[in-house]
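Here are the chains, one letter per residue:
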Amino acid sequence: MAAGPAGHTPAGPLHASLQSVPESAYDVIVIGSGPGGYVTAIRAAQLGFKTAVVEKDRVGGRCLNYACIPAKAVLRTADVVAEIREAGDFGITVGEPNVDFAAVMERRNRVVQTLTGGVAGLLRKNKVDLIEGSGALAGEGRVTVGGASYEARFIVLATGSVGRAVPGTQFGGRVIGTEQAWALPQLPGSLAVIGSGASGSEIASAYVRLGAQVQLFEALDRVLPAEDADISRLAERGFKKQGIDVHTGTLVSDVVSGEASVTFRFGEQSGEADYVVIAAGRGPDVEGLGLEAAGVALDDRGLIAVDGAMRTSVPGIYAIGDLVAGPALAHKASDEGVIAVEDAAGLHTHPISYPDIPRATFCTPNVASFGLTEEQARAQGHDVVVGKVPYGAVGAGTVYGDRQGLVKLVGDRRFGELLGGHIIGAKATDLIQELVGTKLLEGGYPELAHTIHGHPTLSEAVMEAARALDGWLIHG
Ligand SMILES: Cc1cc2nc3c(=O)[nH]c(=O)nc-3n(C[C@H](O)[C@H](O)[C@H](O)COP(=O)(O)OP(=O)(O)OC[C@H]3O[C@@H](n4cnc5c(N)ncnc54)[C@H](O)[C@@H]3O)c2cc1C
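Here the structure is a predicted model, which is why all the values come from computation and not from measurement.

(A) Seen up close, helix H2 (residues 35-46). The end-to-end C-alpha distance of H2 is 17 Å, a good match for the 16 Å that 12 residues give at a rise of 1.5 Å each. Buried residues dominate H2, accounting for 11 of its 12 residues. Buried within H2 we find Pro-35, Gly-36, Gly-37, Tyr-38, Val-39, Thr-40, Ala-41, Ile-42, Arg-43, Ala-44 and Ala-45. Its buried side turned inward, H2 meets strand E1 (25-31), strand E2 (51-55), helix H3 (61-65), helix H5 (101-125), strand E6 (148-157) and helix H10 (330-344). Backbone geometry just downstream of H2 places Gly-48 in the positive-phi region, at approximately 95°.

(B) The environment of Thr-250, seen in detail. When you line up the elements, Thr-250 lands in the loop between strand E11 (245-247) and strand E12 (252-257). Under the C-beta neighbour-count criterion, Thr-250 is labelled partly exposed, with 17 such atoms within 10 Å. Sequence separation between Thr-250 and Leu-216 is 34 residues, and the spatial gap between their C-alpha atoms is 9.7 Å. The contacts of Thr-250, once residues within four sequence positions are left out, are Phe-217, Glu-218, Ala-219, Phe-266 and Gly-267.

(C) Spotlight on the sheet that holds strand E19 (residues 367-371). Strand order in the open sheet made by the 5 strands is E18-E19-E22-E21-E20, with antiparallel pairing throughout. The open sheet has two free edges, formed respectively by strand E18 (359-361) and strand E20 (384-390), since each of these has just one partner strand. In this sheet, neighbouring strand axes are inclined to one another by 15° on average, regardless of whether the strands run parallel or antiparallel. Relative to E19, E18 runs antiparallel, the two being bridged by 3 bridges. The residue of E19 that forms the bridge with Arg-359 is Ser-369. Relative to the sheet, helix H8 (residues 229-242) contacts E19, strand E21 (406-412) and strand E22 (417-424), its axis offset from that of E22 by approximately 5°. The strands touched by helix H15 (residues 459-470) are E20 and E21; relative to E20, the strand with the most contacts, the crossing angle is about 145°.

(D) Region of the structure containing the sheet that holds strand E8 (residues 175-177). Ordered in space as E8-E15-E9-E10-E11, the 5 strands form an open sheet in which the pairing is parallel. The sheet is open, and its two edges are formed by E8 and E11, each paired on a single side. When strand polarity is set aside, the average angle formed by the axes of neighbouring strands in this sheet is 20°. Across 4 bridges, the pairing between strand E9 (residues 190-194) and strand E15 (residues 275-278) is parallel. Looking at the pairing, Ala-192 lines up with Val-276 of E15. Running at roughly 165° to strand E10 (residues 213-217), helix H7 (residues 198-210) makes contact with E9, E10 and E15 of the sheet.

(E) Local environment of the site of the ligand. Within the structure, the ligand sits among 37 residues, and Gly-32, Gly-34, Gly-61, Gly-160 and Gly-321 are positioned closest to it. Put simply, the parts of the chain that give the shell around the ligand at least two residues each are H2, E2, H3, helix H4 (68-85), helix H6 (178-181) and H10. Here the shell around the ligand is composed, by residue class, of 13 nonpolar, 16 polar and 8 charged. Each of two domains, domain 1 (14-64 + 105-162 + 283-355) and domain 2 (175-280), supplies a minimum of three residues to the shell around the ligand.

(F) Highlighting the pairing of E9. Across the 5 residues of E9, 4 count as buried, placing the element largely inside the fold. By the bridge criterion, 5 bridges tie E9 to E10 in an arrangement that is parallel. Bridged to Ile-194 within E10 is Phe-217. Tracing the backbone out of E9, into H7 and back to the parallel element E10 gives a crossover that is right-handed.

(G) Fine view of the nonpolar core. Counting 142 residues, the largest nonpolar core has Val-28, Ile-29, Val-156, Leu-157, Val-193, Val-276 and Val-277 as its most contacted members. Apart from residues no more than four positions distant in its own chain, Val-277 is found in contact with Ile-176, Thr-178, Ala-181, Leu-191, Val-193, Ile-194 and Ile-203.

(H) Just H10, in detail. The end-to-end C-alpha distance of H10, which contains 15 residues, comes to 21 Å, matching closely the 21 Å that a straight helix rising 1.5 Å per residue would cover. Most of H10 is tucked away: 14 of the 15 residues are buried. Once H10 finishes, Gly-346 follows within two positions and takes phi at roughly 85°, a positive value.

Thresholds applied
- Residues numbered from 1 in each chain as written.
- Predicted model: local features only at pLDDT ≥ 70, side-chain atom pairs only at ≥ 80, totals over all residues.
- Helix = DSSP H or I, 4+ residues; strand = E, 2+ residues; numbered from the N terminus.
- Expected span 1.5 Å × (residues − 1).
- Buried ≥ 20, exposed ≤ 12 C-beta atoms within 10 Å, placed from the backbone.
- Contact = placed C-beta atoms within 7 Å.
- Pairing = 2+ DSSP bridges.
- Axes fitted to C-alpha atoms, helices over the stretch in contact; angles between N-to-C directions.
- Near = placed C-beta within 6 Å.
- Nonpolar A, V, L, I, M, F, W, Y, C, P; charged D, E, K, R; others polar.
- Domains from an automatic or database assignment.
- Right-handed = clockwise from strand over helix to strand, strands pointing away.
- Core = buried A, V, L, I, M, F, W, Y, C linked by C-beta atoms within 7 Å.

These figures capture arrangement, not role.
Structural data, given as structure tokens:
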């Protein structure tokens, strides 16, 4: 377990529940109720801590209300539209589908309400108090919310992040962020998306299939630039096939929002779209949190500095999720919260292996990965072995109509170690989990190659890729 700051004394879980505390005093106060905050609070309550969550906006945080979940709800509609268009391949004749965007957004809202209602219910079930308002640190073991003041033995900061404009641009009018892109009042005729990371690619891939004209701009030389280069290549091919106008190695400038459209320049050309979506950066939401006065140290990127148990520089204060380093992902935030309160409870925790957190992008083609890319593995000096198996090599790829998908595994030959997994194609975002689990349980590619997989499933392509690494690919 990583060492904590001097003076931090973990308490046993039961000590907390046995102490009698006044109404406004808690063992744990979590500020922010996103996937980081609410999971933290529930785990804290399970550990016997008297717990409260402070939320200034809506329970469930940005993830459930404005980001992950609305995005996936609209993407699901785009998937259905695409399947209807491809129905002819499966022997079904249908006309061109009509997208009723108001109904799409109604479903989006229902999905959000169902899930946020579920979170509120879970908090109640676990006897976690919800305090509405803006929380701030106010001296040792103290949190203020509006005019009220609360005591806490442990405070977990989980206030998430906000969108940032790229240099030379600013939000306003028809220049919007990713959260707004998933809450548009009408189906836009055209969109220009700046940034082809996970969020930008999801927005482009959803709206083009719903019927908008979409331009996708990326400053680097390939889409999904954090992914393995082979995956980026296939993703770009898939995006273009859907009709996305992809511009890599291209900077957008002179963005001007007008009454009915936005004008901009890219390279030597000028462009115009109903909206420009900036999907290229986020920063921690720490405004008014009182970090400086409380003495909470930041790292060199302006994020809150923490150790492997999520402890900040101030004893008793933890920080998790988008506020701290590592990939900005909901499941990462949740896991960090569990670590924080388990540490507060005196349980044995261990630091997260950040590269091995699964990364999922819900565009079409679906993309998921964990661990090192081939390039990173070579740069780190591993004895690299690579296995690539197209979905078409296994029965399910043909049955389900996706022969173009690809599983690429990267291993180290010396120990049979699984260094990274990269999947593009149907259900990639589900398939990745097997690789993460295998690695976590200290399996390597020889073990995966010998694991029996159901037939005919796409997961057989994962098994075959492991066999390819192990030198005995059967199908392919
Ligand atoms: C468009 C989009 C799509 C995404 N899709 C995915 C995805 O599919 N999968 C995935 O894993 N990740 C996704 N992410 C990233 C994911 O949303 C974040 O990593 C995740 O929300 C971080 O969780 P969190 O708990 O740290 O913060 P948040 O979800 O941001 O929640 C923080 C909460 O704290 C509240 N708060 C802030 N300050 C205060 C204060 N002072 N007092 C009280 N409350 C406060 C906020 O109102 C908010 O409700 C997406 C992000 C975006 C923008």
